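A look at the structure
Residue strings, one per chain:
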Amino acid sequence: MTMIAENLKAVTQRISRSCEKSGRPPSDVKLVCVTKEADIAQIEEALTSGVKDVGENRVQDALLKYKAIGDRAVWHLIGHLQTNKVRDAVKIFSLIHSIDSVHLAEAIDKEAKKINKIQDILIQVNTSGEESKFGIKPDEAADFFRKASLYPNINIQGLMAIAPEVDDPEDVRPFFRKLRELRGDLNSMLNTRYSMLSMGMTSDFEIAVEEGATIVRIGRAIFK
């Protein structure tokens, strides 16, 4: 077994244990393998080891890797998206995790319409209130969702958040819990069924799973 395969097995086992701890089946959680620091050979190895979903932070990096990998992977954009990169993003990404403005949602809708696509997206929420992080404020979410849901060529699937960097992973639990509770509030308020919660990375994904993550974004623990 290769190092990447061993790392994937260890990560999968940790996800399963966290699911068991919180009374959830492991099938509830999708692993997105973050490949921003991986080369093509490493991505190929991850795919051979069972990875289906890969995540990239930058559109330009994803385009280069997509040329080699193509649709053998399901592509996720997990980093901030600039409007001048929307056209390329819509062409290759199945799910864009980081929508944080109505203007950006409108741009995605426009480009998706051109290629007859319904683009799945998540709304990024800044649950920690850090100025250095992108995302809408939690108290702006309901109004944001009402406006963004009017665009016919985007499909809102749920929410995404990035927790603060802390020494003790337990310290991020409130920020993940806030995202889960916000999803529940939105579904009750708007009579919707948003289900996805993209939260948790290498340093804190077990806490995220315990708090309801349906997608975890892990890179370093796989390619270390």
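Quick note: structure is the one above.
It should be emphasised that the depicted structure is a prediction, and the values quoted were computed from it without experimental measurement.

**Thoughts on the pairing of strand E5 (residues 119–124)**
Among the six residues of E5, five are classified as buried, and the element is accordingly described as predominantly covered. Pairing of strand E4 (residues 95–99) with E5 involves three bridges; the strand directions are parallel. Its bridge partner lying in E5, isoleucine 99 is registered against isoleucine 123. In this fold, the crossover linking E4 to E5 by way of helix H5 (residues 102–114) has right-handed handedness. Pairing of E5 with strand E6 (residues 154–160) involves six bridges; the strand directions are parallel. The partner of glutamine 124 across the bridge, within E6, is methionine 160.

**Here we look at the state of the cysteines**
Taken as a whole, this structure holds zero disulfides when the rule is applied. Free cysteine: cysteine 19, not disulfide-bonded; nearest cysteine sulfur from cysteine 33 at 18 Å.

**Here's the deal with the pairing of E4**
The element E4 is extensively covered by neighbouring structure, given that five of its five residues are classed as buried. The pairing of strand E3 (residues 74–77) with E4 spans two bridges and is classified as parallel. Bridge pairing in E4 places histidine 76 opposite leucine 95. With helix H4 (residues 86–92) bridging E3 and its parallel neighbour E4, the resulting β-α-β unit is right-handed.

**What about the pattern of salt bridges?**
Pairing between side chains becomes possible if they bear opposite charge and their charged atoms approach one another. Under the criterion given, the structure shown has 16 salt bridges. Residues glutamate 56 and lysine 65 are paired through a salt bridge, measuring 2.8 Å at the closest nitrogen-oxygen approach. In this structure lysine 65 comes out as buried when scored by relative accessible area, which is 10%. Residues arginine 87 and glutamate 111 are paired through a salt bridge, measuring 3.6 Å at the closest nitrogen-oxygen approach. Of this pair, arginine 87 sits in helix H4 while glutamate 111 sits in helix H5, and the two are 24 residues apart along the sequence. Classification of arginine 87 as partly exposed rests on a relative accessible area of 49%. Judged by its relative accessible area of 14%, glutamate 111 is buried. Connected through salt bridges with shared partners, the residues Lys21, Glu170, Arg173, Arg177, Arg180, Glu210 and Glu211 form a single ionic network.

**So, the packing of helix H6 (residues 141–148) against helix H7 (residues 173–190)**
At a minimum axis separation of 10 Å, H6 and H7 run at an interaxial angle of 55 degrees. Between H6 and H7, the interaxial angle falls into the category oblique. The chirality of how H6 crosses H7 is right-handed. Note on element contacts: H7 touches H6 through Leu182, Leu186, Met189 and Leu190, opposite Ala141, Ala142, Phe145 and Arg146. Residues of the contact of H6 with H7, tallied by class, amount to seven nonpolar, no polar and one charged.

The rules behind these values
Residues numbered from 1 in each chain as written. Predicted model: local features only at pLDDT ≥ 70, side-chain atom pairs only at ≥ 80, totals over all residues. Heavy atoms only, no water. Buried < 20%, exposed > 50% of the residue type's maximum accessible area, 1.4 Å probe, protein only. Helix = DSSP H or I, 4+ residues; strand = E, 2+ residues; numbered from the N terminus. Pairing = 2+ DSSP bridges. Right-handed = clockwise from strand over helix to strand, strands pointing away. Disulfide = S-S within 2.5 Å. Salt bridge = Lys/Arg side-chain N within 4 Å of Asp/Glu carboxyl O. Axes fitted to C-alpha atoms, helices over the stretch in contact; angles between N-to-C directions. Parallel < 35°, antiparallel > 145°, perpendicular 65-115°, else oblique. Left-handed = near helix turned anticlockwise from the far one by under 90°. Contact = heavy atoms within 4.5 Å. Nonpolar A, V, L, I, M, F, W, Y, C, P; charged D, E, K, R; others polar.

Any link to function would need more than the numbers given here.
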